Structure formats: C-alpha cells, structure tokens
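Residue strings, one per chain:
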Amino acid sequence: MPAIRLDCTKCDRTYAPGAVMNLCLSCNAPLFARYDLEQARKTLRPDTLAGRERSMWRYHEVLPVEDAAHRLSLGEGYTPLLPTPRLGALLGAKRVLVKDESGNPTGSFKARGLSAAVSMAKALGAKAVCLPSAGNAGSALAAYAARGGLEAHVFLPKDIANLFVMETRAYGARVEMVEGLITDAGRVCAALAREHGWYECATLKEPYRVEGKKTMGYELAEQLDWTLPDVILYPTGGGTGLIGMWKAFEELETMGFVGSKRPRMVAVQAEGCAPIVKAYVEGRPDAPPWPDATTHAHGLRVPKALGDFLILRAVRESGGTAVSVSEAEIVRGTKDASATEGFFMAPEGGACVAALRKLLASGQVRPEESVVLFNTGTGFKYVENMAPLW
Ligand SMILES: *Cc1c(COP(=O)(O)O)cnc(C)c1O
C-alpha cells in the first residue's frame, strides 16, 4: 500500500507522496509518511502475519512501496529477539532481551532503511542516489542500488576503516573520501547532489529510511505477542531507529494492536559524541552540534542529527532518558555480551550493554523490568577499528 500523504514533522504542510521529496519546503524539517491505517488494519492482523515472508516487507501495508515488484530486498529485517539470561545475570537484571540486527544484509540494520529508501527512489524514477555515511549506511545504500540497477555515490570520512570502502566499492558505488566527519561528508554530498540531480538519502533527509527502520517496532510487538517491553536501549547516532519505532508504536496503537503503554526509550551515546544526552540534560528541545566528535562506535559519531528534536521528544514523552558511556565501557559491554551469550556485537551494541549497567546501578531501570537492547550490527565489520582497544 502506498503512503497517502507526507506530513512535515514541524509545520502543518503536507505533500502528495508521488514525487521524489527531501525535506519540507517551508521549514527544512523531515517528512513522515502517513498511511490509511483503517484500511491497513483489515489485512495486517496478527493472524494473517504468520504465513508471510520473513523480512521487514511482511508489514507491507505500512510500508511505502505500492507494487511488490518494486521492492528491492535482500532479506532485511525479521531478526531474532533473543532472551539473554546470562548477560542479564551478569548485569543484575532478570528480563534482558537482545534484538540482534547483526544478521541483516550488509551486516547492520541500515539495510532496513535503505531497502525502503532505494526501493522508493527507483519507483519514483530516480537514476542515482547518494548519502554521507560513517560506514554502514554507505554499504547498505550501495548494495540496494546494485540490486535495483541505480547509480550510487557514497561520501565517507577519510579515517574510516578500509573494510567499508572495499565493501561499498564492491557493490559498484562511487566512493569519495572527505576530510572530517559525517557532517562534513554531508555538505560535500548535498552540494554534488544538487549539481547532478542525484536523490539524497541522508538520514531523515528523505521520508523512507525511517519507514524501513520503524519495522523494528513492529517486529518487537509481534515477537512479544503484541506487548511492548518496559525499556528499550537504542544506540543513537542520527536516531532513525528510535524515531521510527516511536512512530511504529503510535501506528500500532491506532490500529488497535497494542495499548497506550509505551516503552521508556533510552538514547545511548558515546561520551566522545553525546549531543542528545547533553540536550536532554539541559532540557533543550534540540541539540547543538557536538565539537570534535570521537568514538570507535562510528554509528554514534554523529555530531548533529537532523531529527534531534524528534529523538528528544520521543525520549521525553516516553519517560525515558539519554545516557553516555565511555570507550572503555563500550569495549567491556561488547566483551560481556560475547562471553556470556555468544554475540560478537558491534561496539554500538556494546554501548547498550554498558548503558544498561549504568541505569541498573542508578536505579533508573529496575531488575525485574523487561529490557530490550539493540545490537545494531556485526562486530566483524569493526575488527580493524576496535583492535587497538581490545
Ligand atoms: C548507523 C548506526 C547506528 C545509529 O543509528 P541511527 O538510527 O542513525 O541512530 C547504530 N549502530 C550501527 C551499527 C550503525 O550503523
């Protein structure tokens, strides 16, 4: 089913979904796709889901691609939600689950967003797509562009691990290395996109990556038999997944599949780049750019998020919090998950383990609460990057 409308997340403006769109033309804020949920709930029902394909496209009624032939899929999503009692015992919590995104195509949950975004780019007639990336978004964009026969241009910070460059080039994308961080790569990418007419797929700069990522919220509900956990810990860079899940919970409630109780959303960041944590603590509605951002968890090295106000809104409305962890805590969290449960997590996942340890110690999470940690990617892609700390 196609989206029926695109709504600005800041002003009242709405758009028809039939054209390639980036931000709101009035206020430069992200756009959200809206669906006819009355219609969707007639076929998207707990009992009809059982026999469907094991990918995020099982929720196609609430995803933007109208014609199934336009879906560019590599089997993204429908990842395991694993009880982790040994990790829980180590941390002092009774009901810890890990949503393990490491098995996604290209090794991270970026596959979800880019499957949706590149499918829509193609369906809307784009010939070339581009984005700036800290690594995983670039390889996912390149993979789905290859799948759809589109041209891809990826802009990466110069200090990125070689693996990401090799992988992204292997999918046939043009890679440009930029001095600085993802925000610097973003400026170069935006300028060239304007010049050449490429469709820009930077985080929240087009409306559909967040739609792919929101399927994590649908999966949690389905895997927990249409209930939601008490707490979700999410490693937050651009925040697409957190924002997407928050949108998913609202849609699920509107369709009558879950009640009004929401998980407390916890944005987890690294001490070397914690703009959301700082803004949360200071009570600000948005987050000013973080100077000199550093962390080995490259997915978290986002000094300025376009959707900062949406992340902060979801965290506050949910009664959640924002917490930062050190590089040493990230490494310890990653090793703890490996040693107790057999996950070789990405450092972003390790950051969530470390954050849970802190929140249990401070009493902000109680031992008997149900907690979902996100492991957003595979540790295999970070060997080069993490080796000096290991
Ligand atoms: C991009 C990325 C993140 C951050 O995701 P956002 O939704 O942009 O906040 C976390 N972990 C990994 C492995 C990533 O690639």
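Refer to the structure printed above.
Residues numbered from 1 in each chain as written. Predicted model: local features only at pLDDT ≥ 70, side-chain atom pairs only at ≥ 80, totals over all residues. Heavy atoms only, no water.

Draft legend 1. Molecular detail of the overall build of the protein. Counting secondary structure elements, the protein contains 14 helices and 13 strands. Here the protein has a C-alpha radius of gyration of 19 Å; the compact-globule value for 390 residues is 21 Å, and the two agree. Based on the C-alpha atoms only, the size of the protein along its principal axes is roughly 50 × 50 × 40 Å. Across the 390 residues of the protein, 62% fall into the buried class. (Helix = DSSP H or I, 4+ residues; strand = E, 2+ residues; numbered from the N terminus. Rg over C-alpha atoms; globule rule 2.2 N^0.38 Å. Buried < 20%, exposed > 50% of the residue type's maximum accessible area, 1.4 Å probe, protein only.)

Draft legend 2. Representation of the packing of helix 4 (residues 110-123) against helix 5 (residues 136-148) within the structure. Here helix 4 crosses helix 5 at 40°, and the two axes come no closer than 9 Å. Considering the angle they form, helix 4 stands oblique to helix 5. For helix 4 against helix 5, the interelement crossing comes out right-handed. Residues Lys110, Ala111, Leu114, Ser115, Val118 and Lys122 of helix 4 form the contact with helix 5, whose participating residues are Asn136, Ala137, Ala140, Leu141, Tyr144, Ala145 and Gly148. Broken down by class, the residue content of the contact of helix 4 with helix 5 amounts to eight nonpolar, three polar and two charged. (Axes fitted to C-alpha atoms, helices over the stretch in contact; angles between N-to-C directions. Parallel < 35°, antiparallel > 145°, perpendicular 65-115°, else oblique. Left-handed = near helix turned anticlockwise from the far one by under 90°. Contact = heavy atoms within 4.5 Å. Nonpolar A, V, L, I, M, F, W, Y, C, P; charged D, E, K, R; others polar.)

Draft legend 3. Seen up close, the nonpolar core. Counting residues in hydrophobic clusters, the biggest one holds 91 residues, and the most contacted among them are Leu114, Val129, Leu141 and Met245. With near-sequence residues (within four places) excluded, Leu141 lies in contact with Leu114, Val118, Val129, Cys130, Leu131, Ala152, His153, Val154 and Cys201. Core analysis: the next-biggest nonpolar cluster, separate from the first, contains 29 residues, Ala270, Ala355, Leu359 and Leu373 among them. (Core = buried A, V, L, I, M, F, W, Y, C linked by side-chain atoms within 4.5 Å.)

Draft legend 4. Representation of the site of the ligand within the structure. Around the ligand there are 16 residues in total, and Lys110, Tyr234, Gly237, Gly239 and Thr376 lie nearest to it. Taking Asn136, its side chain carries an N or O atom lying 2.9 Å from an oxygen atom of the ligand. A distance of 2.7 Å separates an oxygen atom of the ligand from a polar backbone atom of Gly237. Sorting the residues of the shell around the ligand by element identifies strand 10 (231-235) and helix 9 (240-254) as the ones contributing at least two each. (Near = heavy atom within 4 Å. Polar contact = N/O pair within 3.5 Å; in protein donor to acceptor, adjacent residues only side chain to side chain.)

Draft legend 5. The arrangement of the environment of Val323 in detail. Inspection of the secondary structure assignment puts Val323 in strand 12 (residues 321-325). Between the C-alpha atoms of Val323 and Val281, which are 42 residues apart in sequence, the distance is 9.3 Å.

Draft legend 6. Spatial organisation of helix 9. A rise of 1.5 Å per residue sets the reference length of helix 9, with its 15 residues, at 21 Å; its end C-alpha atoms lie 21 Å apart and thus fit the reference within 8%. Residue Gly256 follows helix 9 closely and has a positive phi angle near 85°. (Expected span 1.5 Å × (residues − 1).)

Draft legend 7. Here's a closer look at unusual backbone geometry. For Tyr78, which is not a glycine, the phi torsion comes out positive at approximately 55°. Among the secondary structure elements, Tyr78 is positioned in the loop between helix 2 (46-49) and strand 4 (81-83). With relative accessibility at 26%, the residue Tyr78 sits in the partly exposed group.

Draft legend 8. Main features of the side chain of Lys213. Take Lys213: it is sitting in helix 8 (residues 209-223). Notably, Lys213 is buried but unbridged: the nearest opposite-charge side chain belongs to Glu101, and the N-O separation is 8.4 Å. In this view, Lys213 contacts Phe109, Lys110, Arg112, Gly113, Tyr234, Thr240 and Gly241; residues no more than four positions away in its chain are not counted. (Lys, Arg positive; Asp, Glu negative; His and termini not counted. Salt bridge = Lys/Arg side-chain N within 4 Å of Asp/Glu carboxyl O.)

Draft legend 9. A look at the sheet that holds strand 12. The strand order across the open sheet formed by six strands is 4-5-13-10-11-12, and the pairing between neighbours is mixed. Strands with a single pairing partner mark the edges of an open sheet, and in this sheet they are strand 4 and strand 12. With strand direction ignored, the average angle separating the axes of adjacent strands in the sheet is 25°. Pairing of strand 4 with strand 5 (residues 95-100), which is carried by three bridges, proceeds in the antiparallel orientation. What sits directly across from Pro83, in strand 5, is Leu97. This element, helix 10 (residues 275-282), spans strand 11 (264-270) and strand 12 of the sheet and lies at about 135° to strand 12. (Pairing = 2+ DSSP bridges.)

Draft legend 10. Seen up close, the pairing of strand 10. The element strand 10 is largely enclosed, with a buried count of five among its five residues. Side-chain alternation along strand 10 places Val231, Leu233 and Pro235 on one buried face and Ile232 and Tyr234 on a second face that is also buried. One ladder, built from three bridges, connects strand 10 with strand 13 (residues 370-375); its direction is parallel. By the bridge assignment for strand 13, Val231 is matched with Val371.

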